[in-house]
Each structure stands twice: as structure tokens, then as C-alpha cells.
Amino acid sequence: MFLDSKDLQSKKVFDLVKDDYQYAKVLSSFGIDFYNHYNENLSELCTSKGISSDKLLGYRKSINESFDFGNDVLISTPINLVIEYLKHNHNYFVKNKLPYLQNLINNLPLNKSDLEFSKDLKFIFPIFFEDFVQHIYEEENYHFEYIYKLFNAIQGDINASNLFIMMQKFSINKILLEHINEDSEMEGIRGITHNYSYAKIKDLHLKVIFQELKEFDDELSIHSDIENCILFPRALKMEKKVSKILQSISYQN
Ligand SMILES: [Fe+2]
Ligand SMILES: [Fe+2]
């Protein structure tokens, strides 16, 4: 399914990215903005930048290694490791995926053909990015922290007064319901891109952005499902257990 190194070298950058948008990301990771090199042959570009095409191909293949870790594995993974996995996702979204998208959108020219899409994306994406970072901040600093405390309590590390205060403040049921009912942060972007329908988009740069946004939306859905279907339901059971432990401590005193 992948082009071999020889076929790859003879391709123009425009055709390479048109046939497989992932090459835009591959080139970007080598410091090359694909939209500035449309007419260059890949072998010329590699020579001028001192990169081997084998490296490009190798990196392209590694992208296909799935983002989805597999929920079957996570169901039986200790909850502290599930949290670490989710934090790893957060880090990848905020430090890798979203800055790449933001950079693509910032450099998107305001062409006449798809002007409305381009203008809307330039407006909405930074707002989305900010909201998303806030969502992650709350999860990591409050919700995950609370779940960690519950986990530690079940392991025998009980600070009763501290736990009591946290359990007054947080409720996993409430966190779960809010998380499920929260309008997906991607809703606005889905709306303005008509659910990432890129078939009629003429500009390749914009087409790549639509495809990347769709990929991010899919990854985010997998991530949210892990939170909604694995993390919070398991935390709910832990919260009930800890509440019983605290009750028994208060009876003893
Ligand atoms: Fe998350
Ligand atoms: Fe979340």
C-alpha cells in the first residue's frame, strides 16, 4: 500500500500530499511546509534539505501504527496506569497534534475559492484550542487527582480528613454526567466544515486541514470513550468503596 522509495522520489510534492495527506505531516516533522514546495520533485527536495527518502517513508509507515490502544486491554489495566495513558494522550494532543493544525491554519491563504471555510477556521480554531486546554487542565488537576486519591485509599494510604474534604467537593457521578453531556468541543468545527466533507474543497492546503481535523476528531472520540466507559465507571465503584471505608473509620472513633 505504501510507495516504495523509487516511486516516492519521482513524485511531485503536490501529488504526494494529494494522494496521501499524511505526507504533509511527515514533511512538517522534517521542517518542510508542503504548501511551499508543490512543484518540486520529492528527490530534489530531499537532496536540497539533506534528508533521505527512506527516512520519510519510514516515518510515514510509523504513522499508521494505531492510536487506539484497545479498550480490552485498558479494562483490566490498573486505574493509575489508565490515567497515565490518558495523560499521555493529552500531551500528544496539546504538544503535537493541535500545534500542527494551528500552524496549518495560520498559514492558510485566504483564497477566493474556499474563502468562508478559511475565514471561519482561522476564527474558531484558536478558541477551540484554548477551551480544549482548559478541559485538559481540569481533568488532570482535579478529576484525575481525585481518582488517584481514591485509588491510594483503596491501596491502604488513607488520610481520612483529606479524603472527606475531597469527597464533599467532588462526585464521580456528577463528573461523569457532565463529561457525557458536555457538547463535544469539536461541535463548532464539525458544523463549519460540514462534518469534514472535503470532496468539493479545491485547495489542497485546506483539504489537508479538513482531513487532519477529522483524524483528530476520531482520536478524541476514542479518548473520551475511555474516560466515559472505563475510567469514570471504575472510579465510581472505587468512590463507593472508599465511602464505606470512611464510614467504618468514623464508627470506630
Ligand atoms: Fe481527557
Ligand atoms: Fe475529557
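Let me begin by describing the structure that accompanies this report. Note that this is a predicted model, so its numbers are computed, not measured.

1. As for the coordination of the iron ion (ligand 2)
Next up, step 1: Donor atoms from the polypeptide that bind the iron ion (ligand 2) are His 135 (NE2), Glu 139 (OE), His 179 (NE2) and Glu 227 (OE), placed at 2.0 to 2.3 Å.
Next up, step 2: Here the donor residues of the iron ion (ligand 2) are spaced in sequence according to H-x3-E-x39-H-x47-E.
Next up, step 3: A separation of 3.3 Å is found between the iron ion (ligand 2) and the iron ion (ligand 1), which are bridged by Glu 139. Of this pair, His 135 sits in helix α8 (residues 115-154) while His 179 sits in helix α10 (residues 172-181); the two residues are 44 residues apart in sequence, bridging distant segments of the chain.
Next up, step 4: You can call His 135 buried: its relative accessible area is 14%.
Next up, step 5: Note on His 179: relative accessible area 10%, which makes it buried.

2. Some remarks on the coordination of the iron ion (ligand 1)
Next up, step 1: Surrounding the iron ion (ligand 1) are the protein donor atoms His 90 (NE2), Glu 139 (OE), His 223 (NE2) and Glu 227 (OE), at 2.0 to 2.2 Å.
Next up, step 2: Sequence spacing of the donors to the iron ion (ligand 1): H-x48-E-x83-H-x3-E.

3. A short note on the environment of Glu 40
Next up, step 1: Considering the arrangement of structural elements, one finds Glu 40 in the loop between α3 (22-29) and α4 (42-49).
Next up, step 2: Take Glu 40: its relative accessible area is 26%, and that puts it in the partly exposed class.
Next up, step 3: Considered as a pair, Glu 40 and Lys 12 are 28 residues apart in the sequence and their alpha carbons are 5.4 Å apart.
Next up, step 4: Ignoring anything within four residues of it in the chain, the contact list for Glu 40 reads Lys 11, Lys 12, Val 13 and Leu 45.

4. A closer look at the packing of α10 against helix α12 (residues 204-252)
Next up, step 1: Direction vectors running N to C along α10 and α12 enclose 165°, while the axes themselves pass 9 Å from each other. With respect to α12, the element α10 is oriented roughly antiparallel. In this structure, α10 crosses over α12, and the sense of that crossing is left-handed. Contacts between α10 and α12 pair Ile 172, Asn 173, Ile 175, Leu 176, His 179 and Ile 180 from the former with Ser 224, Glu 227, Asn 228, Phe 232, Ala 235, Leu 236 and Glu 239 from the latter.
Next up, step 2: Grouping the constituent residues of the contact of α10 with α12 by class yields seven nonpolar, four polar and two charged.

What counts and how
- Residues numbered from 1 in each chain as written.
- Chains lettered and ligands numbered in written order.
- Predicted model: local features only at pLDDT ≥ 70, side-chain atom pairs only at ≥ 80, totals over all residues.
- Heavy atoms only, no water.
- Donors = N, O, S within 2.8 Å, 3.2 Å for Na, K, Ca; no water.
- Helix = DSSP H or I, 4+ residues; strand = E, 2+ residues; numbered from the N terminus.
- Buried < 20%, exposed > 50% of the residue type's maximum accessible area, 1.4 Å probe, protein only.
- Contact = heavy atoms within 4.5 Å.
- Axes fitted to C-alpha atoms, helices over the stretch in contact; angles between N-to-C directions.
- Parallel < 35°, antiparallel > 145°, perpendicular 65-115°, else oblique.
- Left-handed = near helix turned anticlockwise from the far one by under 90°.
- Nonpolar A, V, L, I, M, F, W, Y, C, P; charged D, E, K, R; others polar.

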